[in-house]
Amino acid sequence: MLEKQPIEQNNSELTDLQKEIIRLIRQGSSSREISLVTGFGLDKINTERNSILKLTGCQTMFDVISRTNNNN
C-alpha cells in the first residue's frame, strides 16, 4: 500500500479560499458556518470542498484534515 504524502506538498495548488476552508473545517466549522465567515454562498463552499478533494487526491475532508499541518 502506498503511503500518503502530507497535503503541504500540494499547498501551492490550493487557493487562499481553499486553505481557509481547510483551516475552518479543522476548527469544527460546518459548510454553512464557513459560508457566513467567508461571505461566499453555500454552493461556492461546497464546490471548493470538492475541488480540495480532487486536488489532494483525498476521498473525504477527514483525510484532508488528517494529512495537513497545523501551520496551514
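Up top is the structure.
No experiment lies behind these values; they were computed from the predicted model shown.

Examining helix H3 (residues 42-56)
Thought 1: Between its terminal C-alpha atoms H3 stretches 21 Å, which fits the 21 Å expected from 15 residues at 1.5 Å a residue.
Thought 2: Looking only at H3, the buried set comprises Ile45, Glu48, Arg49, Ile52, Leu53 and Thr56. End-on, the buried residues of H3 take up no more than an arc of 145 degrees, which puts them together on one face. Turned more than 90 degrees away from the buried face of H3 sit Asp43 and Lys54, all of them exposed.
Thought 3: Where H3 is buried, its residues contact helix H1 (16-26), helix H2 (31-38) and helix H4 (61-66).
Thought 4: Just past H3, the residue glycine 57 takes up positive phi, approximately 75 degrees.

So, the pattern of salt bridges
Close approach of charged atoms allows side chains with opposite charge to pair.
Thought 1: On inspection of all chains with the given rule, the structure shows 2 salt bridges.
Thought 2: The salt bridge involving glutamate 20 is made with arginine 23; its shortest N-O contact spans 2.6 Å. Of the two residues, glutamate 20 and arginine 23 both sit in helix H1, 3 residues apart, roughly one turn of that helix.
Thought 3: The class for arginine 23 is partly exposed, based on a relative accessible area of 28%.

Here we look at the nonpolar core
Thought 1: Grouped together as the largest cluster of nonpolar side chains are 13 residues, with contacts concentrated most on Ile21, Ile34, Ile52, Met61 and Val64.
Thought 2: For this core, the secondary structure elements donating two or more residues are H1, H3 and H4.
Thought 3: Apart from the residues within four sequence positions on either side, isoleucine 21 is in contact with Ile34, Ile45, Glu48, Arg49 and Ile52.

Side note on the packing of H2 against H3
Thought 1: At a minimum axis separation of 9 Å, H2 and H3 run at an interaxial angle of 110 degrees. Judged on the interaxial angle alone, H3 and H2 are roughly perpendicular. Crossing hand, H2 versus H3: right-handed. Between H2 and H3, the residues in contact are Ser31, Arg32, Ile34, Ser35 and Thr38 and Leu42, Ile45, Asn46 and Arg49, respectively.

Scoring rules and cut-offs
Residues numbered from 1 in each chain as written. Predicted model: local features only at pLDDT ≥ 70, side-chain atom pairs only at ≥ 80, totals over all residues. Heavy atoms only, no water. Helix = DSSP H or I, 4+ residues; strand = E, 2+ residues; numbered from the N terminus. Expected span 1.5 Å × (residues − 1). Buried < 20%, exposed > 50% of the residue type's maximum accessible area, 1.4 Å probe, protein only. Arc of directions from axis to C-beta. Contact = heavy atoms within 4.5 Å. Salt bridge = Lys/Arg side-chain N within 4 Å of Asp/Glu carboxyl O. Core = buried A, V, L, I, M, F, W, Y, C linked by side-chain atoms within 4.5 Å. Axes fitted to C-alpha atoms, helices over the stretch in contact; angles between N-to-C directions. Parallel < 35°, antiparallel > 145°, perpendicular 65-115°, else oblique. Left-handed = near helix turned anticlockwise from the far one by under 90°.

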